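Inside the fold
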Amino acid sequence: MVQLSALFWVSAQLASCHVTSGRTKHGFIGYGIDMYKPPCAFSCRSIISGAMLNCSVMDGGEDSMAGMAGMDMGPEFTTSPECYATDDSFLRTLAYCMSTHCSGVSEWKLEQYWVMNVAGIEPGQPDPKESYATTLSRMANAPTEMFMGDELNRTMLVSEPDYRINSKTLITFENIEATHSRYGLVILLLGLLIPISFSLLRFIPFPKVLRARFNAFVNYPSIFGTYHAQPLPYQAGNAPTRGQAFFIAYIIVLNIVLNAVGLESAYPDSVWYSSTTVEIATYISNRAGVLSFANLSLPILYAGRNNILLYITDWSHSTFLLLHRWVARLCVLQACLHSAMYVRLYQISGTLSTEQKLEYWIWGIVATLALSLLIPLSILAFRTRRYEIFLIIHIALAVLAVVGCYEHIFTRFTHQWGYETWIYIAIAIWGFERGIRLLRIARNGLQTATLTVIDEDYLRVDIPNITASGHVYLYFPTLTWRFWENHPFSVADTRIRRRGNPSAISSPVIAKGKKSAETVKVNSDVSIRPNRERSSDSKISGIESSTPPETGITLIVRTRSGTTAQLRNHSSIRVLVEGAYCSHPDFSSYANMVCIAGGVGITAVLPIIKAFPGNVKLYWGVRNRAIVDEMEAELKGIDVGVVVGRRIDLKDVLEGSPGRFAVVASGPPGLADDVRAIVAGMAKTKDVKLYEELFAW
């Protein structure tokens with residue numbers, strides 16, 4: 001039987017197979033990467049690899065291999081790969097052990113193992129001086145002397161107890177590592193497939209009543225009163241809807257469960273761990289690290305403007321941004337758990353002071369701190385008040401975290417166990433998203449925008465030679481030194497109209513302070529016709545066919561502080577246009593639509609109205625008349641009611657609409673939440689579909 005100290009030295013040598021550098025492999029453990037297969041061969045080598053051979057060199061140094069928590073130090077000598085590859089006693093002892101314990105393994109697999117692993121696992125190491133079969137054939141007699149764990153200067157036997165505990169340790173550890181990979185893939189794939197699966201349900205012809213009830217009780221209501229787009233009190237964040245909350249709860253529970261199940265202990269038949277508690281704690285810590293890596297890609301995917309799920313699901317960008325924040329929190333918590341548990345494990349083993357000086361440890365701390373700082377520096381109050389600063393810090397910390405995670409893995413394991421694949425996935429998603437942004441910008445090129453002041457709140461931005469619908473992101477490279485900043489704007493018109501003295505439009509306007517709607521002359525004698533009588537006349541607001549609209553886009557910008565406020569000082573400016581990004585609401589099953597817009601939110605609903613073939617009624621609330629006058633031409637042919645200076649009576653407007661209809665809301669968060677609450681109540685008794693066009697922080 002091997003002495004205890006020698007046994008721990010053997011285990012330290014074995015541990016070197018997964019805590020030091022090795023040959024590059026691709027995939028994940030259990031999915032393209034094998035750690036210790038065939039386990040019989042790895043077990044045989046692990047028992048004798050710590051022995052002093054005739055060619056070993058005494059160095060007087062400390063063992064640098066014992067990297068796992070709960071391991072002891074070993075003898076002070078070094079055995080080189082060349083020594084392993086040429087020492088007859090080592091080769092023959094290993095070959096005989098493999099022949100007696102690997103009877104079920106094919107000859108070619110044993111030969112493959114022999115070439116790849118006898119000298120070690122480092123790249124570029126020498127091949128053994130002779131093959132496995134040749135080494136075995138040169139043995140005239142079977143060995144009779146038992147290896148005792150110290151010197152190996154002749155062919156010896158490996159004891160069955162030693163083989164059993166080494167084999168069980170290896171098999172258990174690789175099974176657990178493969179489970180880490182499997183559960184990580186479950187997290188990642190479900191994060192992709194569940195949104196797709198739920199979106200596909202819209203193609204199943206459920207009874208309209210059942211669909212409406214589901215929306216009324218699950219999809220539309222918020223879990224906190226009417227708060228959803230509007231922040232919770234004290235800027236505590238945005239409340240999810242019940243449906244969103246169910247999905248978030250599912251993600252949280254799934255991560256907790258997968259971090260705690262599928263664990264088994266090899267103790268007391270383990271050469272790596274001093275107790276079951278230490279062993280299981282190590283596995284949980286490793287699991288948390290892998291799941292954190294798996295979760296790292298999802299927030300990057302969800303946050304992207306070019307998130308592929310936006311095009312193959314009916315989930316909104318604001319929903320994915322909400323999921324981005326919650327999954328990111330799980331990623332951070334799992335990284336912190338991984339780090340904290342390893343601190344404790346190394347404290348128990350007494351090696352913390354040594355480990356924390358190593359490069360992999362330092363990079364792990366960098367990654368964990370960067371991830372942890374993302375949470376407090378992403379609170380809603382900071383995002384809304386200092387968005388440009390938030391964005392720079394957010395991206396910088398995210399990049400530092402990804403780099404830190406990669407370096408943590410590389411300096412610990414190089415590329416031998418595939419942990420870096422999780423990082424590659426995250427980088428690929430981010431790179432794809434940014435690449436598509438650059439292509440969108442390059443497609444439109446550098447343009448000159450014309451700026452026109454509408455009033456103290458709004459600007460009109462006309463950009464020629466651009467074809468776009470939906471919304472775009474504008475960059476102002478000459479406005480400030482922060483050339484990377486960009487802002488989203490909805491496209492109000494896909495043609496640039498030359499403004500002259502507008503004729504006028506007669507539209508139903510609820511004047512400031514009035515309690516009921518009345519018809520008020522806006523400017524002229526041209527009437528707004530109902531949606532079903534939309535006209536394609538060339539004469540619009542005094543624009544004759546002799547001065548046709550130009551190709552380009554028109555944006556209406558509400559100026560606030562920061563970049564948009566600086567635009568008021570310019571009549572023209574150079575811009576880069578990223579877009580267009582189009583939403584794709586499906587209203588094909590509805591013949592009627594009610595649109596509620598507040599302020600500049602009119603620009604988001606106009607493309608939807610123009611694309612809808614049925615009957616539309618638009619209600620538009622504004623603070624003053626200037627923007628109404630500016631948008632007269634764009635409103636031609638639309639049945640619109642305008643409320644100036646006060647809020648629209650949403651309850652009266654929506655509950656007074658007959659039959660089945662769709663509701664589109666775009667405007668301030670408070671207006672959107674009021675519409676949501678009313679529609680949720682109505683959907684309990686009638687078929688009403690809600691769609692929101694909102695900017696989410």
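Quick caveat: nothing in here was measured; it's all calculated off a predicted structure.

1. Looking at helix H16 (residues 387-413)
Between its terminal C-alpha atoms H16 stretches 39 Å, which fits the 39 Å expected from 27 residues at 1.5 Å a residue. Turning to H16, its buried residues number three or more, namely Phe390, His394, Leu397, Ala401, Val402, Gly404, Cys405, His408, Ile409, Arg412 and Phe413. Positive phi shows up at Thr414, right after H16, with a value of about 50°.

2. Side note on the packing of aromatic side chains
Within this structure, the stated rule accounts for 28 aromatic pairs. Here Phe173 and Trp272 contribute two aromatic rings whose centre-to-centre distance is 4.8 Å and whose plane-to-plane angle is 75°, an arrangement assigned as edge-to-face. Of this pair, Phe173 sits in helix H7 (residues 160-200) while Trp272 sits in the loop between helix H9 (242-260) and helix H10 (276-303), and the two are 99 residues apart along the sequence. Note on Phe173: relative accessible area 2%, which makes it buried. Taken together through their ring pairs, the aromatic side chains of Tyr36, Phe42, Tyr113, Phe173, Trp272, Tyr273, Tyr283 and Trp417 make up a single cluster. Here Arg329 stacks its cationic end above the ring of Trp326, 4.7 Å away from the centre of that ring. Here the basic side chain of Lys617 rests over the ring of Tyr619, its NZ or CZ set 5.3 Å away from the ring centre.

3. Re the state of the cysteines
Evaluation of the coordinates by the stated rule reveals three disulfides. Through a disulfide, Cys44 is tied to Cys97; the S-S separation comes to 2.0 Å. Measuring handedness by torsion sign, the sulfur bridge of Cys44 and Cys97 sits at about -75° and is left-handed. Placement of the pair is Cys44 in helix H2 (residues 39-48) and Cys97 in helix H4 (residues 88-101), with a sequence separation of 53 residues. Judged by its relative accessible area of 1%, Cys44 falls in the buried class. What pairs with Cys55 in a disulfide is Cys83, and their sulfur atoms sit 1.6 Å apart. Between Cys55 and Cys83 the sulfur-sulfur dihedral comes to about 80°; the bridge is accordingly right-handed. Placement of Cys55 in the loop between H2 and strand E3 (57-58) and of Cys83 in helix H3 (residues 81-86) is noted, with a sequence separation of 28 residues between them. For Cys83, a relative accessible area of 2% puts it in the buried group. Here the disulfide map of the protein reads 1-6, 2-5, 3-4, the bonded cysteines being numbered as they appear in the sequence. Looking at Cys336, it has no disulfide partner, and the nearest cysteine sulfur is the one in Cys331, 9.5 Å off.

4. Structural notes on the pairing of strand E14 (residues 592-598)
Regular strands place their side chains on alternate faces of the sheet. By the criterion of burial, E14 is predominantly enclosed, with six of the seven residues buried. Note that E14 and strand E15 (residues 615-622) share seven bridges and pair parallel. From the neighbouring strand, Ala597 faces E15, where its bridge partner is Trp620. Crossover connection from E14 via helix H19 (residues 602-611) to parallel E15: handedness right-handed.

5. Observations regarding the nonpolar core
Of all hydrophobic cores here, the largest spans 94 residues; its most connected members are Phe90 and Met98. Top contributing element to this core by residue count: helix H12 (residues 317-349), with 12 residues. Beyond its immediate stretch of four places on either side in the chain, Met98 contacts Ala41, Cys44, Leu110, Tyr113, Trp114 and Tyr132. One finds Phe587, Leu618, Ile627 and Ala662 within the second-largest nonpolar core, a separate group that totals 30 residues.

6. Some thoughts on the packing of H10 against H12
Following both chains from N to C, one finds H10 and H12 inclined at 155°, their axes separated by 7 Å at the closest point. Considering their axes alone, H10 and H12 lie roughly antiparallel with respect to each other. Where H10 crosses over H12, the handedness of that crossing is left-handed. Within the contact of H10 with H12, the residues separate by chemical class into 23 nonpolar, 10 polar and no charged.

7. Regarding the pattern of salt bridges
Applying the stated criterion across every chain, the model contains 19 salt bridges. As a salt-bridge pair, Arg164 and Asp269 come within 3.9 Å of each other at their nearest N and O atoms. In this pair, Arg164 sits in helix H7 while Asp269 sits in the loop between H9 and H10, placing the two residues 105 residues apart along the sequence. We classify Asp269 as buried; its relative accessible area is 19%. Between Glu485 and Arg482 there is a salt bridge, with its nearest N and O atoms 2.3 Å apart. Owing to a relative accessible area of 23%, Arg482 belongs among the partly exposed residues under this scheme. The network of salt bridges with common partners includes Arg164, Lys168 and Asp269.

8. Overview of the pairing of strand E12 (residues 550-558)
Of the strand pairs in this sheet, strand E6 (residues 458-464) and E12 are connected by seven bridges, and their pairing is antiparallel. Considered in E12, the bridge of Ile463 is made with Ile553. Bridging between strand E8 (residues 486-496) and E12 involves four bridges; their strand directions are antiparallel. Paired with Ile496 across the two strands is Glu550, which belongs to E12.

9. Considerations on a nonpolar patch on the surface
Residues Phe198, Leu201, Ile204, Phe206 and Leu210 make up a contiguous nonpolar surface patch of roughly 450 Å² in combined accessible area. As for its placement among the helices and strands, Leu210 is situated in helix H8 (residues 208-219).

10. Some details on the confidence of the model for the protein
Averaged over every residue, the pLDDT of the protein is 87; the share at 70 or more is 87%. Within the model, the stretch residues 1-20 combines pLDDT values under 50 with 67 contacts to residues more than four positions away or in other chains. Of the regions scoring below 50 in pLDDT, residues 501-507 engages in 35 contacts with residues more than four places distant in sequence or in other chains.

11. Here we look at the side chain of Ser270
Counting through the fold element by element, Ser270 comes out in the loop between H9 and H10. Classification of Ser270 by relative accessible area gives buried; the value is 11%. A distance of 3.3 Å separates the side chain of Ser270 from the backbone nitrogen of Trp272, its partner in a polar contact.

12. With respect to the sheet that holds strand E7 (residues 471-475)
The strand order E5-E6-E12-E8-E7-E13 describes a closed barrel built from six strands, whose pairing is antiparallel. Taking each pair of neighbouring strands and ignoring which way they run, the sheet shows an average axis angle of 45°. Together, strand E5 (446-453), E7 and strand E13 (572-581) form the strand contacts of helix H17 (residues 420-444), whose direction differs from that of E13 by roughly 125°.

13. Describing H4
Relative to the 20 Å expected for 14 residues at 1.5 Å per residue, H4 spans 20 Å between its end C-alpha atoms, a close match to the ideal helical length. Three or more residues of H4 are buried, namely Ser89, Phe90, Leu91, Thr93, Leu94, Ala95, Cys97, Met98 and His101. For H4, the secondary structure elements touched by its buried residues are H2, H3, helix H5 (107-117), helix H6 (132-137) and H7. With a side-chain oxygen positioned 3.2 Å from the backbone nitrogen of Ser89, the residue opening H4 is Asp87.

Definitions and limits used
Residues numbered from 1 in each chain as written. Predicted model: local features only at pLDDT ≥ 70, side-chain atom pairs only at ≥ 80, totals over all residues. Heavy atoms only, no water. Helix = DSSP H or I, 4+ residues; strand = E, 2+ residues; numbered from the N terminus. Expected span 1.5 Å × (residues − 1). Buried < 20%, exposed > 50% of the residue type's maximum accessible area, 1.4 Å probe, protein only. Phe/Tyr/Trp six-rings, centres within 6.5 Å; stacked < 30°, edge-to-face > 60°. Lys NZ or Arg CZ within 6 Å of the ring centre and 35° of its normal. Disulfide = S-S within 2.5 Å. Pairing = 2+ DSSP bridges. Right-handed = clockwise from strand over helix to strand, strands pointing away. Core = buried A, V, L, I, M, F, W, Y, C linked by side-chain atoms within 4.5 Å. Contact = heavy atoms within 4.5 Å. Axes fitted to C-alpha atoms, helices over the stretch in contact; angles between N-to-C directions. Parallel < 35°, antiparallel > 145°, perpendicular 65-115°, else oblique. Left-handed = near helix turned anticlockwise from the far one by under 90°. Nonpolar A, V, L, I, M, F, W, Y, C, P; charged D, E, K, R; others polar. Salt bridge = Lys/Arg side-chain N within 4 Å of Asp/Glu carboxyl O. Patch = residues over 30% accessible without salt bridge, like charges linked within 9 Å, V, L, I, M, F, W, Y side chains within 5 Å. Areas by Shrake-Rupley, 256 points an atom, 1.4 Å probe, with all protein chains shown as cover. pLDDT = per-residue confidence, 0-100. Polar contact = N/O pair within 3.5 Å; in protein donor to acceptor, adjacent residues only side chain to side chain.

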